[in-house]
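# Architecture and fold: a report
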Amino acid sequence: MCREQFAALDGRDPLEIADPPADEAWRRFRWDSVTGAVRGLAEAVHRHGKPITAAVFPTPTIARTLVRQAWDEWPLDRFFPMLYQGFYLEDIAWIGDGVREGIAALARREGPPLCAGLYLPSLDPRQLAEAVSTARAAGAAGVSLFEMDGLSDEHLAALRAATLE
């Protein structure tokens, strides 16, 4: 179905494109397809007076490249980019860079809040406190922790300390 829709718009079958990932029209079609589905969901949810959020890939650039998410164009009420620095072999400062990129992209349309998604198994308590402070200093409206089974008393103490800064 997607192939036929793209061919109707562009005149080409994506299977006949030499390098589909490098083709701007095909990339845009894929981004717009996902964005259209999200818009439909958001409209339905908002009709019922409910907010809608999403955990998305870490930055608009990475999301577009790896999974064809143009999430900075989505009409959501809050975003939780999964800024899992360990997955990308990055340090904690990268979390701040990701927050800033996401906020800048959302600001182009007076976007909703962004909360940094942190992957708890990659962060010991000291690193968690540093990650929260880094995200907040970069402008995150908050943080969300993923993988709660590993939340220790030491992690909780680090969170309390980081949020009191």
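Look a little higher up for the structure.
Residues numbered from 1 in each chain as written. Predicted model: local features only at pLDDT ≥ 70, side-chain atom pairs only at ≥ 80, totals over all residues. Heavy atoms only, no water.

### Digging into the pairing of strand β1 (residues 53-56)
Of the two faces of β1, only one is covered, namely that formed by A54 and V56; the face formed by T53 and A55 stays uncovered. Sheet analysis places β1 next to strand β2 (residues 78-81), joined by four bridges and oriented parallel. Its bridge partner being in β2, A54 is matched across the sheet by F79. As a crossover connection, the stretch from β1 through helix α3 (residues 60-67) into β2 is right-handed. (Buried < 20%, exposed > 50% of the residue type's maximum accessible area, 1.4 Å probe, protein only. Helix = DSSP H or I, 4+ residues; strand = E, 2+ residues; numbered from the N terminus. Pairing = 2+ DSSP bridges. Right-handed = clockwise from strand over helix to strand, strands pointing away.)

### Here's the deal with the pattern of salt bridges
Two side chains bearing opposite charge may form a pair once their charged atoms approach each other closely. Considering all chains together, one arrives at 11 salt bridges under this definition. Close ionic contact of D13 with R3 constitutes a salt bridge, the shortest N to O distance being 2.6 Å. On the criterion of sequence distance, the pair formed by D13 in the loop between α1 (2-10) and α2 (24-47) and R3 in helix α1 is long-range, its members being 10 residues apart. Look at D13 and you get buried, because its relative accessible area is 18%. When its relative accessible area of 38% is taken as the criterion, R3 is described as partly exposed. Between E24 and R27 there is a salt bridge; the shortest N-O distance is 2.5 Å. Note that E24 and R27 are positioned in helix α2 at a spacing of three residues, about one turn of the helix. One salt-bridge network, held together by shared partners, links R28, D32, R64, D72, E73 and R108. (Salt bridge = Lys/Arg side-chain N within 4 Å of Asp/Glu carboxyl O.)

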